[in-house]
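This is what each chain is made of:
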Amino acid sequence: MDERLVLLVAYDGAELLDIACVTSCLDIANRIGANPPYRMVLATPGKRAVHCDSGLQLQADVALERFNEPMDTLLVSGGLGHEDAAADRSLVGHVRRLSALARRVSSVCTGATVLAATGLLSGRRITTHWMYADQLAAKHPDVDVDADPIYIRDGEIATSGGVTSALDLTMSFIEEDHGEAIARGVALGTVTYLQRPGGQSQMSMFVASRLSGDLLVRRLRDHIVSHPTSDLSTPALARLAGVSERHLSRMFLTHVEQTPAQYVRGVRTEAAAHLLVSGELPLAAVARQCGFGSTESLRQAFLDRYGVPPSQYRRTQTPA
């Protein structure tokens, strides 16, 4: 094999980061010794320049409908134009045709909408941007849509979550193709994770705390995020809110789909994850600063959420 051909499919309204995250990582892999190297080709309908979400234009290398070379990877970008792209019968038909020429087929973000329109995702477990997951699942009930993971591999089909999850997906491709050393070099070059735990959510709780429609719940969630070492027991939170414990639990189950205790544990676990990868504090200090009573309770929380103990999480998230 002289090269690994990667065909990226774009359309008007594509997200520039969905494309650039992939091509930049592959380019760095080439520069540090990927052999065979990657060759990236951008295909658009009619070889027309596409207008990205950001307003910039991207010039295509080839016309989508004229391309017929065997390839290593077919990748469909996401973007705000994904619904129009999925409704374009010609574009969808050519993506389906090209999938037969590819060793693996993939999408970034809402590019999964286009792949779903081809029928390639039927019976598959996939992911997409968390904001569009319910919409995709409703339109394609034959597709198992999971909004939580950063990316999912189901056989020869790979899908990734929102925007920068393209980095994680591409890193997994590079490691699969060229081994950990090349992938680690790309992670160092892009200042990103080599591998996030497979169960990590697209939506950080520190961001999600602002999304609740209930003002009292939002204030409580902000308090929890800002004071992880405080007394955050259900009775203490109920007193702070001026409601009964039972009513507090009902509000959280309605607006957060978790009990107060589950939400508190998740916030503390995520806070600990940030401390583990951003510094060298011992586990006991991390546990104290994040409100855990012991290193054992911290360990159990990591096993439940990420599937790995905190020590292993730190090793896998900190480039050597």
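These notes cover the structure that comes with them. No experiment lies behind these values; they were computed from the predicted model shown.

1. Notes on the overall build of the chain
Logical step 1: When helices and strands are tallied, the chain shows 15 helices and 11 strands.
Logical step 2: Computed over its C-alpha atoms, the radius of gyration of the chain comes to 22 Å, within 12% of the 20 Å expected for a compact globule of 320 residues.
Logical step 3: Overall, the chain is about 65 × 40 × 35 Å in size when its C-alpha atoms are taken along their principal axes.
Logical step 4: Counting all 320 residues of the chain, 49% fall into the buried class.
Logical step 5: Looking at the chain alone, contacts between residues at least 24 apart form 64% of all its contacts between residues at least 6 apart.

2. Section: the pattern of salt bridges
Logical step 1: A complete count under the given rule lists 19 salt bridges for this structure.
Logical step 2: Here Glu3 makes a salt bridge to Arg39, at a shortest N to O gap of 2.8 Å. Residue Glu3 is found in the segment before β1 (4-9), and its partner Arg39 is found in strand β2 (residues 38-44); the two are separated by 36 residues along the sequence.
Logical step 3: What makes Glu3 partly exposed here is its relative accessible area of 33%.
Logical step 4: Overall, the relative accessible area of 30% leaves Arg39 in the partly exposed class.
Logical step 5: For Arg39, the salt bridge is made with Glu69, and the minimal N-O distance between the two is 3.3 Å. With Arg39 in strand β2 and Glu69 in the loop between β5 (62-63) and β6 (71-76), this pair connects stretches of sequence that are 30 residues apart.
Logical step 6: By relative accessible area, which is 34% here, Glu69 ends up partly exposed.
Logical step 7: Within this structure, Arg4, Asp72, Arg103, Arg104, Arg153, Glu176 and Asp177 form a network of salt bridges that share partners.

3. Looking at helix α6 (residues 165-178)
Logical step 1: Spanning 14 residues, α6 covers 20 Å between terminal C-alpha atoms, matching the ideal 20 Å at 1.5 Å per step.
Logical step 2: Burial analysis of α6 places 12 of its 14 residues in the buried class, which makes it a mostly covered element.
Logical step 3: Taken together, the buried positions of α6 are Ser165, Ala166, Leu167, Asp168, Leu169, Thr170, Met171, Ser172, Phe173, Ile174, Asp177 and His178.
Logical step 4: Gly179 occupies a position one or two residues after α6 and carries a positive phi of about 95°.

4. Brief notes about the state of the cysteines
Logical step 1: Following the criterion strictly, the structure yields 0 disulfides and no others.
Logical step 2: Lacking any disulfide linkage, Cys109 is separated from the closest cysteine sulfur, that of Cys21, by 10 Å.
Logical step 3: Assessed through its relative accessible area of 6%, Cys109 is described here as buried.

5. Points about the nonpolar core
Logical step 1: Counting residues in hydrophobic clusters, the biggest one holds 55 residues, and the most contacted among them are Leu7, Met71, Leu74, Val95, Val114, Leu121 and Ile174.
Logical step 2: Setting aside its immediate chain neighbours within four residues, Ile174 contacts Cys25, Leu26, Ala29, Tyr38, Gly179, Ile182, Ala183 and Val186.
Logical step 3: Counting residues in each nonpolar core, the second largest holds 15 residues, with Ile224, Phe252, Val256 and Val267 among its members.

6. Concerning empty space enclosed by the protein
Logical step 1: By the definition in use, this model includes 1 cavity of 30 Å³ or more.
Logical step 2: Counted as a void, the largest cavity has a volume near 40 Å³.
Logical step 3: Val6, Val22, Leu26, Tyr38, Thr73, Leu75, Arg104, Thr170 and Phe173 together form the lining of the largest cavity.
Logical step 4: Going through the elements one at a time, α1 (16-31), β6 and α6 are the ones with two or more residues in the lining of the largest cavity.

7. Structural notes on the environment of Arg299
Logical step 1: Structurally, the position occupied by Arg299 is in helix α14 (residues 295-306).
Logical step 2: For Arg299, a relative accessible area of 37% puts it in the partly exposed group.
Logical step 3: With 12 residues separating them in the primary sequence, Arg299 and Ser311 have C-alpha atoms 8.6 Å apart.
Logical step 4: When near neighbours in sequence (up to four residues on either side) are disregarded, Arg299 contacts Pro309 and Pro310.

8. Description of the pairing of β2
Logical step 1: When you tally the buried positions in β2, you get 5 out of 7 residues, the bulk of the element.
Logical step 2: By the bridge criterion, 6 bridges tie β1 to β2 in an arrangement that is parallel. Pairing of Leu7 across the sheet is with Val41, part of β2.
Logical step 3: Relative to β5, β2 runs parallel, the two being bridged by 2 bridges. For Thr44, the partnering residue across the bridge sits in β5 and is Ala63.

9. Focus on the environment of Gly93
Logical step 1: Position of Gly93 among the secondary structure elements: in helix α3 (residues 89-99).
Logical step 2: Residues Gly93 and Asp168, 75 residues apart in the sequence, show an inter-C-alpha distance of 28 Å.

Reading guide: rules and limits
Residues numbered from 1 in each chain as written. Predicted model: local features only at pLDDT ≥ 70, side-chain atom pairs only at ≥ 80, totals over all residues. Heavy atoms only, no water. Helix = DSSP H or I, 4+ residues; strand = E, 2+ residues; numbered from the N terminus. Rg over C-alpha atoms; globule rule 2.2 N^0.38 Å. Buried < 20%, exposed > 50% of the residue type's maximum accessible area, 1.4 Å probe, protein only. Contact = heavy atoms within 4.5 Å. Salt bridge = Lys/Arg side-chain N within 4 Å of Asp/Glu carboxyl O. Expected span 1.5 Å × (residues − 1). Disulfide = S-S within 2.5 Å. Core = buried A, V, L, I, M, F, W, Y, C linked by side-chain atoms within 4.5 Å. 1 Å grid on protein atoms, 1.4 Å probe; cavity = no way out; pocket = protein on both sides within 12 Å on 5 of 7 lines; lining within 4 Å. Points joined across faces, edges and corners; volume = space filled by probe spheres on them. Pairing = 2+ DSSP bridges.

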